[in-house]
Structure formats: structure tokens, C-alpha cells
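In case you want the letters, here they are:
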Amino acid sequence: MNAPTPQTLAFVRDPVSDEDTARANHYALLSRLLHAAPDASLLGMLAASGDWQIDDAPSAEAVLLAQAWNGLCAASAAMDPAAAQDEFDALFGGVGRPEIVVFGSFYLAGFVNEKPLVKLRDDLAALGLARTQGESLPEDHIAAVCDVMRLLLTDTTRSAAERALEQDRFFATHIQPWYGALCDALDAAAGANFYRRVSQYARSFLDVEAAALTIDR
């Protein structure tokens, strides 16, 4: 997605909190893993990230996220980049419909390029965002909507309250209704190995995000 770079921002209304920076990093990682297979550098970074101390987790959802993160890091340490690429291609590529569909409109309407995509494009336009030039994939790709959340979390041209409102609206409309179905499909895929760990991490993190919507800000 296109967005202003920090150098072009005319002013900063509210700095980004440490919590929102961490959330943005999770969304950035999910976007990267679900857009393309991890290369050796990314696998090495994840493998070296160390264990998340589960005893420090403040909620049941956070415990599951810590466990999923540790599982992803362990899987990254054991994964070969070529094998990761083969798995990614088998799950998400191929001629015709891939084994795993990663577009929101498929889960919300039963087909790709349906009304949910139109709604998403309208909402992106209202936010001043658009598909990157040269990108052929529809905007409701899971990697794209995760990247939008990253941008919303780090947009310092809006106040913290405005950022929170936009994040909540976008997540509740364009991610929450279908991420579970996508993760279910990945969990059930016979060819998923590393990406089953990615799915568990994605579900656990997005479950934490969904739980936060029930808390008054």
C-alpha cells in the first residue's frame, strides 16, 4: 500500500506508543510471511529471536500467542529456504485456484473480487491509501490488509485517539470476519508444515487484536 514516508509528514500529532510499535511489527511480519516465502535472512532472524517467556503473558490469549511465537521461531530454525519456497508455492501458487485462497472476498462472499473488495477499496480511498503501482494482487489479500494495519498503527499525522478508531474500524470490517477461516484452511492443508506454524502465530496474534476490541479504550 502507498502511504506518506516519515520525511514527507508535515507534522506529528501524537508519537506511536511502544505497544503500537510492537503491534505494527507483528502485522509487518505477517504481511511479509503471507506475501512471499521467507528467505534465509528472515528465517535466521526468527530462529535467533529467542523464546517468549510465557510466564510474562498477561492473559490466556497472550499465552497462546507466546506459544505460537516460540513454535514459529523453532520451525524457522529447522526450515530450509528452498523448502519454504516449495511449500509456499504449493499452498498459494499454481494454475487455477490455489490450495489456500488468501483473499477476504472469497471467505466473505464465496468468490474473489466480490462486494467486500469494493467496500475495502472505498475505505482505503477514504484513508488516502491505494494499491502500490505495479502490484497485481487485489487489495483484500491477507498480506495487504495486514500492511494497512501496520500503516494505521504508525500514522503520526493522526492523534492517538483517531488512530485507535481507524484501526478498530478497519480490523473489525476487513480482517476479523475472515481470518479464522483462512487459518482453518491453512491448519487443514496437507502440505502445510512451516505455514501451519505461521497460521498458528497469525491466529493467536489476531485473536489478541480481536479481544482488544472488547475493551473500552
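> So what exactly am I meant to see when it comes to the pattern of salt bridges here?
Opposite charge on two side chains makes pairing possible when the charged atoms of those side chains draw close. If you walk through the whole model with that rule in mind, you get 9 salt bridges. A salt bridge links arginine 203 to aspartate 187, with the nearest nitrogen and oxygen atoms 2.9 Å apart. A residue pair is termed long-range when its members are at least 10 positions apart, and arginine 203 in helix H10 (residues 194-212) and aspartate 187 in helix H9 (residues 179-188) qualify at 16 residues. Through salt bridges with shared partners, a single network forms among Asp20, Arg23 and Glu209.

> How should I be thinking about empty space enclosed by the protein in this particular structure?
To locate leftover empty space, one rolls a probe as large as a water molecule over the atoms. The final tally for this structure, using the stated rule, is 3 cavities of 30 Å³ or more. In terms of lining residues, the largest cavity is bounded by Gly104, Ser105, Leu108, Pro116, Leu120, Asp140, Val145, Thr173, His174 and Trp178. For the lining of the largest cavity, the secondary-structure elements that each account for two or more residues are helix H5 (104-109), helix H6 (115-126) and helix H8 (160-174). Looking at the lining of the largest cavity element by element, the count peaks at 3 residues for H5. Of the residues assigned to the lining of the largest cavity, the class counts are 5 nonpolar, 4 polar and 1 charged.

> Sorry, what's going on with H6 here?
Under the 1.5 Å per step criterion, the end-to-end length of H6 is 17 Å for 12 residues, consistent within 8% with the ideal 16 Å. Residues of H6 that are buried: Leu117, Leu120 and Leu124. The buried residues of H6 occupy an angular sector of 60 degrees when the element is viewed end-on, so they sit on one face. Looking at H6, the residues exposed on the side facing more than 90 degrees away from the buried face are Lys115, Ala125 and Ala126. Where H6 is buried, its residues meet H5, helix H7 (142-153) and H8.

> Is there a simple way to think about the packing of H9 against H10 in this case?
Axes are the key here: two packed helices are described by the angle between their axes and the distance separating the axes. Interhelical geometry of H9 versus H10 gives an angle of 160 degrees and a closest axis separation of 9 Å. Relative to H10, H9 is oriented roughly antiparallel. The chirality of how H9 crosses H10 is left-handed. Contact residues: Tyr179, Gly180, Cys183, Asp184, Leu186 and Asp187 in H9; Tyr195, Arg196, Ser199, Gln200, Ala202, Arg203, Leu206, Asp207 and Ala210 in H10.

> Help me out: how do you make sense of unusual backbone geometry in this one?
Glycine aside, negative phi is the norm for most residues, and most peptide bonds take the trans geometry. You will see that asparagine 113, though not glycine, has its phi angle at about 60 degrees, which is positive. Within the fold, asparagine 113 resides in the loop between H5 and H6.

> What am I meant to see in the confidence of the model for the chain here?
Caution applies to low-pLDDT parts of the model: their predicted coordinates are not meant to be read in detail. Looking at the chain, pLDDT values average 90 and 92% of them are 70 or higher. Per-element confidence in the chain is highest for H9, whose mean pLDDT is 98, and lowest for helix H3 (residues 60-78), whose mean pLDDT is 93. Below pLDDT 50 for its whole length, residues 2-10 participates in 11 contacts with residues either more than four positions away or in separate chains.

What counts as what
Residues numbered from 1 in each chain as written. Predicted model: local features only at pLDDT ≥ 70, side-chain atom pairs only at ≥ 80, totals over all residues. Heavy atoms only, no water. Salt bridge = Lys/Arg side-chain N within 4 Å of Asp/Glu carboxyl O. Helix = DSSP H or I, 4+ residues; strand = E, 2+ residues; numbered from the N terminus. 1 Å grid on protein atoms, 1.4 Å probe; cavity = no way out; pocket = protein on both sides within 12 Å on 5 of 7 lines; lining within 4 Å. Points joined across faces, edges and corners; volume = space filled by probe spheres on them. Nonpolar A, V, L, I, M, F, W, Y, C, P; charged D, E, K, R; others polar. Expected span 1.5 Å × (residues − 1). Buried < 20%, exposed > 50% of the residue type's maximum accessible area, 1.4 Å probe, protein only. Arc of directions from axis to C-beta. Contact = heavy atoms within 4.5 Å. Axes fitted to C-alpha atoms, helices over the stretch in contact; angles between N-to-C directions. Parallel < 35°, antiparallel > 145°, perpendicular 65-115°, else oblique. Left-handed = near helix turned anticlockwise from the far one by under 90°. pLDDT = per-residue confidence, 0-100.

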